[in-house]
Amino acid sequence: MTKKKSGASMPQIRMIDSEADALTELTLQNQRDSISFHELLLDEIDRATICDRTDIPPDVVTMGSNVTFLDEKSGAERTVRLVYPADADIAAGRMSILTPVGAGLIGLSVGQSINWPDRGGIEHRLTIVAVEQPMPAA
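Residues numbered from 1 in each chain as written. Predicted model: local features only at pLDDT ≥ 70, side-chain atom pairs only at ≥ 80, totals over all residues. Heavy atoms only, no water.

A word on the sheet that holds strand β6 (residues 113-117). Strand pairing in a sheet relies on backbone hydrogen bonds, with the paired strands running either antiparallel or parallel. The strand order across the open sheet formed by five strands is β5-β4-β3-β7-β6, and the pairing between neighbours is mixed. Edge positions in the open sheet fall to β5 (94-96) and β6, since each of these has one partner strand only. Strand-to-strand twist in this sheet, taken as the mean axis angle between neighbours without regard to direction, amounts to 45°. The pairing of strand β3 (residues 66-71) with strand β4 (residues 76-83) spans six bridges and is classified as antiparallel. Its bridge partner lying in β4, V67 is registered against V80. (Pairing = 2+ DSSP bridges. Helix = DSSP H or I, 4+ residues; strand = E, 2+ residues; numbered from the N terminus. Axes fitted to C-alpha atoms, helices over the stretch in contact; angles between N-to-C directions.)

Put into structure tokens, the structure is as follows:
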């Protein structure tokens, strides 16, 4: 089910087991909106090394992470928090996992890049610059 984009090899990614399950369920529930995009997210989950939360290094993009990335096509650097759709507010810097960019960021670590399409199907090279994990609930 894994597909290559632009002939470039895809970087190794890691996901937290509970997040991979939640993202799979969320994607399947919302698949009716944009089948090709949701297939990309499902492919990412399928190719990820699934880990327990304690085994994920702090520089890996997970749900709730603040991630700074560079869009090499535009040269723009951006910092967002990756969230579930109900918490998304792009004006406040909270990006839904169900956006093309959000789905492309999950599982990557600092220094990794991925070629990933935007909503219009135009491919961008996204490079992870920094990742900050949320503070654990007290």
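With that out of the way, let us pick up the environment of M95. Position of M95 relative to the elements: it lies in strand β5. The class for M95 is buried, based on a relative accessible area of 4%. Taking the C-alpha atoms as reference points, M95 and V80, 15 residues apart in sequence, are found 6.1 Å from one another. With residues near it in sequence (within four places) discarded, M95 still touches R78, V80, R81, L82, V83, I90, V101 and G102. (Buried < 20%, exposed > 50% of the residue type's maximum accessible area, 1.4 Å probe, protein only. Contact = heavy atoms within 4.5 Å.)

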